[in-house]
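What follows is each chain in one-letter form.
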Amino acid sequence: MLDQKIASEVIDHALHHGADFAELFIEHHQTHHVEMSSSKVESIGSGIEFGIGVRLFFGFKVLYGYTNEPTKTELLRIVSTLIANEQRQRTTPSHAFGKAPHLNHHPVQASLKQGSQVDSKVAFLLAADSAARAEHDTIAQVQGRILQREQQIEIFNSEGVHAADTRHYSRIALTAIAKDGDLQSTGSESPGAFNGWSFHQAFDPRQLGQDIANQALVKLHADACPSGEMPVVIGNGFGGVIFHEACGHLLETTSVAKKASVFHDQLNEMIASPVVSAVDDGTDPYAWGSINIDDEGMPTQRTQLIKDGRLTSFMVDKMGGLKTGYAPTGSGRRESYKFAPTSRMRNTYIEPGDTSLDDMISSVDKGIYAKKMGGGSVQPGTGEFNFAVQEAYLIEEGKITKPLKTATLISTGPKVLKEISMVGTDLALAAGMCGSVSGAVPTSVGQPALKVDNILVGGNKG
């Protein structure tokens, strides 16, 4: 997308004025969406964005700027502005560009460039809407959205890297709202994939509609949740959001390098129960958080974070590697050309164990089954968290007895890792958008069902 000669001259200009490292990130980004509400198409839209990010290192200092103009004059102007107060006498030699080959682990059909397929997307949303409303007459509203993105990237840097890739994303978001008098509850599903629109073939829209309706209905007249410390079985899939938010961010060199993470000096130490192993895997075929190369041009990889309870690796970007001495792990990511990359998660999950969900439930005398987790908040650095449970049930004498509402889980990531006593076999991933200093990027959270022996549950019933 950018003439190689221009890239070379801009990078040489930065190095000549004392930069230790220079990088150009070129992005062309196309989007398309269809939105539905009240059984009608509410909006259909599309957009195209183009820009170039310029990143310079002066020691451990990062300078960043961006533009929408792909001309030499404009890029030299940005470099000159960035280095105005940083110029040094010495010049770092540049390297000739070598196109970095990489494997495409995710060949795509039905890309956005091949067509937006509006009719197919509208039919999918309306079928889900019809199925949800057919479950019960208390389903008062169904909302849906389908988003498809195609992101082309090209990267040049002063170490000779020249890499390019095209990324495809598709996601479906559905929400049902149940109402009965003053009572109201919601259910939602939002699967996504690193793929074109063909990914929808893995889903029956009627089944998704029924699922979101039943989530809303089961909570509508549910009992209040008891409060206090108790064992909790956390369901698979989006249950992994707790590990992502309360532990995963603490393993990124973005916080490790600043010693802002409680795990910054715990490498090779036992930080979790021996039944816990966890990875951050950018190679999982078509998973929402996968990539072929990261936003620094490095091929992605599968990074073992925790093995049998022991911390084995951090997630490392280029600057994080320079600050900590750890080798980069293909984890440098950014939302767009407007952001400098930092170490970020990809598909992060707890690996499967060997215990069935039934055995976990039967081991609990009185506790909670948090079948589906919702959102929450986390204290950076310490991993203190407070997460809502979207779908919860009471466990009494080893059996699930009734649905609950307004349950929350409260603890810290490091503490919960040591309280996990059982890990299931039913690993599942769930799509999400992760926000941090380099913007919002697609990530997957995941886990099998697992049992936490003791955690504080917040509820409205003493």
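So, here's what we can say about the structure. (Residues numbered from 1 in each chain as written. Predicted model: local features only at pLDDT ≥ 70, side-chain atom pairs only at ≥ 80, totals over all residues. Heavy atoms only, no water.)

## Points about the side chain of Gln141
- Mapped onto the elements, Gln141 comes out in strand β5 (residues 139–157).
- Judged by its relative accessible area of 16%, Gln141 falls in the buried class.
- The contact partners of Gln141, leaving out residues within four places of it in the chain, are Ser37, Ser38, Arg133, Thr175, Ala176 and Ile177. (Helix = DSSP H or I, 4+ residues; strand = E, 2+ residues; numbered from the N terminus. Buried < 20%, exposed > 50% of the residue type's maximum accessible area, 1.4 Å probe, protein only. Contact = heavy atoms within 4.5 Å.)

## Considerations on the pattern of salt bridges
- Counted by the stated rule, this structure contains 20 salt bridges.
- Glu74 is the partner of Arg77 in a salt bridge, and the nearest nitrogen-oxygen pair spans 3.0 Å. Here Arg77 and its partner Glu74 are both found in helix α2 (residues 72–82), three residues apart, which amounts to about one turn of the helix.
- Since its relative accessible area comes to 12%, Glu74 is described here as buried.
- Residues joined by salt bridges that share partners form a network here, namely Glu23, Arg55, Glu296 and Arg334. (Salt bridge = Lys/Arg side-chain N within 4 Å of Asp/Glu carboxyl O.)

## Structural notes on the sheet that holds strand β22 (residues 428–436)
- Taken in spatial order, the six strands line up as β13-β12-β11-β16-β23-β22 in an open sheet, and their pairing is mixed. In this open sheet, the two strands that pair with only one neighbour each are β13 (310–311) and β22.
- Of the strand pairs in this sheet, β22 and strand β23 (residues 439–447) are connected by nine bridges, and their pairing is antiparallel. Bridge pairing in β23 links Met433 to Pro442. (Pairing = 2+ DSSP bridges.)

## Considering the packing of aromatic side chains
- Following the criterion strictly, the structure yields 11 aromatic pairs and no others.
- Ring geometry for Phe97 versus Phe156: centroids 4.9 Å apart, planes at 55 degrees, classification tilted. On the criterion of sequence distance, the pair formed by Phe97 in the loop between α2 and β4 (98–99) and Phe156 in strand β5 is long-range, its members being 59 residues apart.
- Overall, the relative accessible area of 0% leaves Phe156 in the buried class.
- Three or more aromatic residues link up through ring pairs in this structure, and these residues are Phe124, Trp197, Phe199 and Phe203.
- Note that Lys121 overlies the ring of Trp197, its terminal NZ or CZ placed 5.8 Å from the centroid.
- Just above the ring of Phe21 sits the side chain of Lys318; from NZ or CZ to the centre is 4.9 Å. (Phe/Tyr/Trp six-rings, centres within 6.5 Å; stacked < 30°, edge-to-face > 60°. Lys NZ or Arg CZ within 6 Å of the ring centre and 35° of its normal.)

## Points about the packing of helix α1 (residues 4–16) against α2
- Here α1 crosses α2 at 20 degrees, and the two axes come no closer than 10 Å. Between α1 and α2, the interaxial angle falls into the category roughly parallel. The handedness of the crossing between α1 and α2 is right-handed. Here α1 contributes Ile6, Glu9, Val10, His13 and Ala14 to the contact with α2, which in turn contributes Lys72, Leu75, Leu76, Val79 and Ser80. (Axes fitted to C-alpha atoms, helices over the stretch in contact; angles between N-to-C directions. Parallel < 35°, antiparallel > 145°, perpendicular 65-115°, else oblique. Left-handed = near helix turned anticlockwise from the far one by under 90°.)

## Observations concerning the nonpolar core
- Ranked by internal contacts, the top residues of the largest apolar core, which has 46 residues, are Val232, Ile368, Met373, Leu409 and Leu417.
- Elements supplying a minimum of two residues to this core: β10 (228–234), α5 (241–246), β12 (302–307), β17 (366–378), β18 (384–396), α9 (413–419), β21 (420–423) and β24 (450–458).
- In terms of residue count, the dominant contributor to this core is β18 (five residues).
- Residues contacting Leu417, with those up to four places away along its chain left out, are Phe243, Cys247, Phe263, Ile271, Ala272, Ser273, Val276 and Ile306. (Core = buried A, V, L, I, M, F, W, Y, C linked by side-chain atoms within 4.5 Å.)

## Focus: α2
- Of all the positions in α2, only Glu74, Leu75, Ile78, Val79 and Leu82 are classed as buried. Axial view of α2: buried residues confined to an arc of 135 degrees, hence all on one face. Facing away from the buried side of α2, by more than 90 degrees, are the exposed residues Thr73 and Thr81.
- On its buried face, α2 sits against α1, β2 (40–58) and β3 (61–67). (Arc of directions from axis to C-beta.)

## Comments concerning helix α4 (residues 205–220)
- An ideal rise of 1.5 Å per residue puts 22 Å on 16 residues; α4 measures up with 23 Å between its terminal C-alpha atoms.
- For α4, the full list of buried residues reads Pro205, Leu208, Gly209, Ile212, Ala213, Gln215, Ala216, Lys219 and Leu220. Projected onto a plane normal to the axis of α4, the buried residues spread over an arc of 150 degrees and lie on a single side. (Expected span 1.5 Å × (residues − 1).)

## As for the environment of His32
- Here His32 shows up in strand β1 (residues 21–37).
- Each C-alpha atom of the pair His32 and Thr71 lies 28 Å from the other, and the pair is 39 residues apart in sequence.
- Ignoring sequence-local partners within four residues, the contact set of His32 consists of Ile44, Gly45, Ser46, Leu112, Ser116, Val118, Lys121, Ile146, Leu147 and Gln148.
- A distance of 3.3 Å separates polar atoms of two side chains, one belonging to His32 and the other to Lys121. (Polar contact = N/O pair within 3.5 Å; in protein donor to acceptor, adjacent residues only side chain to side chain.)

## Re the packing of helix α3 (residues 118–135) against α4
- The N-to-C vectors of α3 and α4 enclose an angle of 40 degrees; their axes lie 7 Å apart at closest approach. The orientation of α3 relative to α4 falls into the category oblique. Crossing angle aside, the handedness with which α3 passes α4 is right-handed. Where α3 abuts α4, its residues Phe124, Ala127, Ala128, Ala131, Ala132 and Glu135 lie against Pro205, Arg206, Leu208, Gly209, Gln210, Ile212, Ala213, Asn214 and Leu217.
- Split by residue class, the contact of α3 with α4 holds 10 nonpolar, three polar and two charged. (Nonpolar A, V, L, I, M, F, W, Y, C, P; charged D, E, K, R; others polar.)

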